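# Structure at a glance
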Amino acid sequence: MNIAEKLAAPSWVVLQLLEQCNLRCAICYEWGSGGAYHAKHHLAMLDVDVALRTVEECLPTKPVFEFFGGEPLLYPGIWDIVRAIRKGGCDVSFSTNGTLLEENADRLIDSAPTQIWVSLDGPSAINDAQRGSGVFQRATDGIKVVANTRRAMHQRFPKLGINYVVTAASSPHIEEFFRESIDLSLIDSVSIELQRYATADQVRAFAQELEVEFATHTNAYAQGYVRDPSEFLNMDFDWIERQIAAIRTMCAAKEIAFYGQPQDLSAGNIRNFFTANWHAMTGRRSRCGVPWLYAEISARGDVTTCHTFYDLSIGNIYEQSLLEIWRGARLKRVQTFLRGGLFSICTACCRYYAASGTV
């Protein structure tokens, strides 16, 4: 397959299955205290037949699939979609808050998604302060049940990963969590990610770009990312770097895959990120390759080219097929804009600093 054929379809497809979540995590841009979803009059859920049609349409080019929410395990049709993707020879992963793992363990082993990422933000007291009382215990119990069921049934999948978001509250407890609070013998992958956020000035500038360039008159989703960098002033960046280095070494010794967002998790780069010193970040480039590879479909059917661009739709799968949208004029307009530079909020995204390649 040549480059033209590859670019004619997304190689990375994300389905936001639903907007509903059973938690109200403090740091969440959807359902946190300043989250964008509180203003919704009704919560959307992607029609399962439309989702399956979209999956079948994409299978010939073998993209990587991901699910998103809300909480994906609340979605009734998740098992049908996982089976369709796996039967089609593709990988599928999703993040979960972990509270529904135990009750779904058998179905997870049977349908065999490639990877499940369980979001945990520290030892029990720290995690539950951010995510809700009892969440840590339910999530870690669920991890054990899924891992033990997988082993008992002699299955390889799903692989289990921990996604640890570094926030002002969780940053002092990274090493403590991985050494004392989680059984790493059950874990296949670890991802440590700096908390995504954007400044109010960035989001205002993004709103202007949307209106002037794309006649889009809302930036409601982007508003959910707004945080003042003063929230992070008391973080010990050197201590964060040392902890992450220790976890990286620990993972290597145990043959656990380790991922970092951004890739450079040195003290200086972490400091630059949390002080909004974006221009000094290592890995910064004039362009990002993600919108040439990536299609995310919201629970309302809107298609975007980046997880941060929910306000900028390039089409809707209730009106056109995903490949028609992908090959349409709206995507070309977004790509043309991004060839000239970034959106104002791009530099606030950890994925941008880990993105593969430029276009």
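These numbers come from a predicted model, not from an experiment.

### A short note on the overall build of the protein chain
Scanning the protein chain from N- to C-terminus turns up 14 helices and 10 strands. With 359 residues in all, the protein chain has 57% of them scored as buried. The contacts in the protein chain between residues at least 6 apart in sequence include a share of 73% that link residues at least 24 apart. For the protein chain, the accessible surface area stands at approximately 14900 Å², while carbon and sulfur atoms represent 50% of it. With 34 positive and 40 negative side-chain charges, the protein chain shows a separation of 5 Å between the mean positions of the two kinds.

### Topic: the packing of aromatic side chains
In total, this model carries 22 aromatic pairs according to the counting rule given. Taking 5.7 Å as the distance between ring centres and 40° as the angle between the ring planes, the aromatic pair formed by Tyr164 and Phe178 counts as tilted. A residue pair is termed long-range when its members are at least 10 positions apart, and Tyr164 in strand β5 (residues 159-166) and Phe178 in helix α7 (residues 174-181) qualify at 14 residues. For Phe178, a relative accessible area of 2% gives the class buried. Here Phe214 and Phe343 contribute two aromatic rings whose centre-to-centre distance is 6.0 Å and whose plane-to-plane angle is 50°, an arrangement assigned as tilted. Taken as a pair, Phe214 in helix α8 (residues 200-214) and Phe343 in the loop between α13 (329-339) and α14 (350-354) lie far apart in primary sequence, 129 residues in all. Relative accessible area serves as the criterion here: at 2%, Phe343 is assigned to the buried category. A connected cluster of aromatic rings, assembled from ring pairs, spans Tyr197, Phe232, Phe273, Phe274 and Trp278.

### Examining the sheet that holds strand β4 (residues 115-119)
The strand order across the open sheet formed by 10 strands is β7-β6-β5-β4-β3-β2-β1-β8-β9-β10, and the pairing between neighbours is mixed. Looking at which strands have only one partner, the edges of the open sheet turn out to be β7 (257-261) and β10 (315-316). The strands touched by helix α6 (residues 135-152) are β4 and β5; relative to β5, the strand with the most contacts, the crossing angle is about 155°.

### Structural notes on the nonpolar core
If you look at the biggest cluster of nonpolar residues, it comprises 105 residues, and the most contacted ones within it are Phe67, Ile143, Phe178, Ile192 and Phe274. Residues in contact with Ile192, not counting those within four places in the same chain, are Tyr164, Val166, Ile174, Phe178, Ile244, Ile247, Phe258, Tyr259, Gly260, Gln261 and Leu265. Core analysis: the next-biggest nonpolar cluster, separate from the first, contains nine residues, Cys21, Ala36, Tyr37 and Val135 among them.

### Brief notes about the pairing of β5
Of all eight residues in β5, seven are buried; the element is thus mostly enclosed. Note that the unit made of β5, α7 and strand β6 (residues 189-194) has a crossover that is right-handed.

### Digging into unusual backbone geometry
If a residue is not glycine, its phi is most likely negative; likewise, a peptide bond is most likely trans. The amide bond that connects Gly69 to the next residue, Gly70, takes the cis arrangement and shows omega of 15°. Mapping Gly70 onto the fold places it in the loop between β2 (64-68) and α3 (78-87). For the bond running from Gln261 to Pro262, omega is 0°, close enough to zero to count as cis. With respect to the helices, strands and loops of the structure, Pro262 is situated in the loop between β7 and α11 (267-274). Although it is not a glycine, Lys62 sits at a positive phi angle of roughly 55°. Notably, Glu255 is not glycine yet its phi reads approximately 60°, a positive angle. Along the chain, Glu255 falls in the loop between α10 (237-253) and β7. Its relative accessible area of 75% is what places Glu255 among the exposed residues.

### A look at the environment of Ile78
Along the chain, the position of Ile78 falls in helix α3. Residues within four places of Ile78 in sequence aside, it is in contact with Leu17, Phe67, Pro72, Leu73 and Phe94.

### Concerning the packing of α7 against α10
At a closest axis distance of 8 Å, the pairing of α7 and α10 adopts a crossing angle of 30°. Between α7 and α10, the interaxial angle falls into the category roughly parallel. Contacts from Ile174, Glu175, Phe178 and Arg179 in α7 reach Trp239, Ile240, Gln243, Ile244, Ala246, Ile247 and Met250 in α10. Its residues placed into classes, the contact of α7 with α10 shows eight nonpolar, one polar and two charged.

### Here we look at the pattern of salt bridges
Should the charged atoms of two oppositely charged side chains come close, the side chains can pair. Within this structure, the stated rule accounts for 12 salt bridges. Linking Lys40 and Glu19 is a salt bridge whose minimum nitrogen-to-oxygen distance equals 3.3 Å. With Lys40 in the loop between β1 (12-16) and α2 (48-58) and Glu19 in the loop between β1 and α2, the pair connects residues that are 21 residues apart, well separated along the chain. Put simply, Asp110 and Arg83 hold a salt bridge, and the shortest N to O gap is 2.8 Å.

Thresholds applied
- Residues numbered from 1 in each chain as written.
- Predicted model: local features only at pLDDT ≥ 70, side-chain atom pairs only at ≥ 80, totals over all residues.
- Heavy atoms only, no water.
- Helix = DSSP H or I, 4+ residues; strand = E, 2+ residues; numbered from the N terminus.
- Buried < 20%, exposed > 50% of the residue type's maximum accessible area, 1.4 Å probe, protein only.
- Contact = heavy atoms within 4.5 Å.
- Areas by Shrake-Rupley, 256 points an atom, 1.4 Å probe, with all protein chains shown as cover.
- Lys, Arg positive; Asp, Glu negative; His and termini not counted.
- Charge placed at Lys NZ, Arg CZ, Asp CG, Glu CD.
- Phe/Tyr/Trp six-rings, centres within 6.5 Å; stacked < 30°, edge-to-face > 60°.
- Pairing = 2+ DSSP bridges.
- Axes fitted to C-alpha atoms, helices over the stretch in contact; angles between N-to-C directions.
- Core = buried A, V, L, I, M, F, W, Y, C linked by side-chain atoms within 4.5 Å.
- Right-handed = clockwise from strand over helix to strand, strands pointing away.
- Parallel < 35°, antiparallel > 145°, perpendicular 65-115°, else oblique.
- Nonpolar A, V, L, I, M, F, W, Y, C, P; charged D, E, K, R; others polar.
- Salt bridge = Lys/Arg side-chain N within 4 Å of Asp/Glu carboxyl O.

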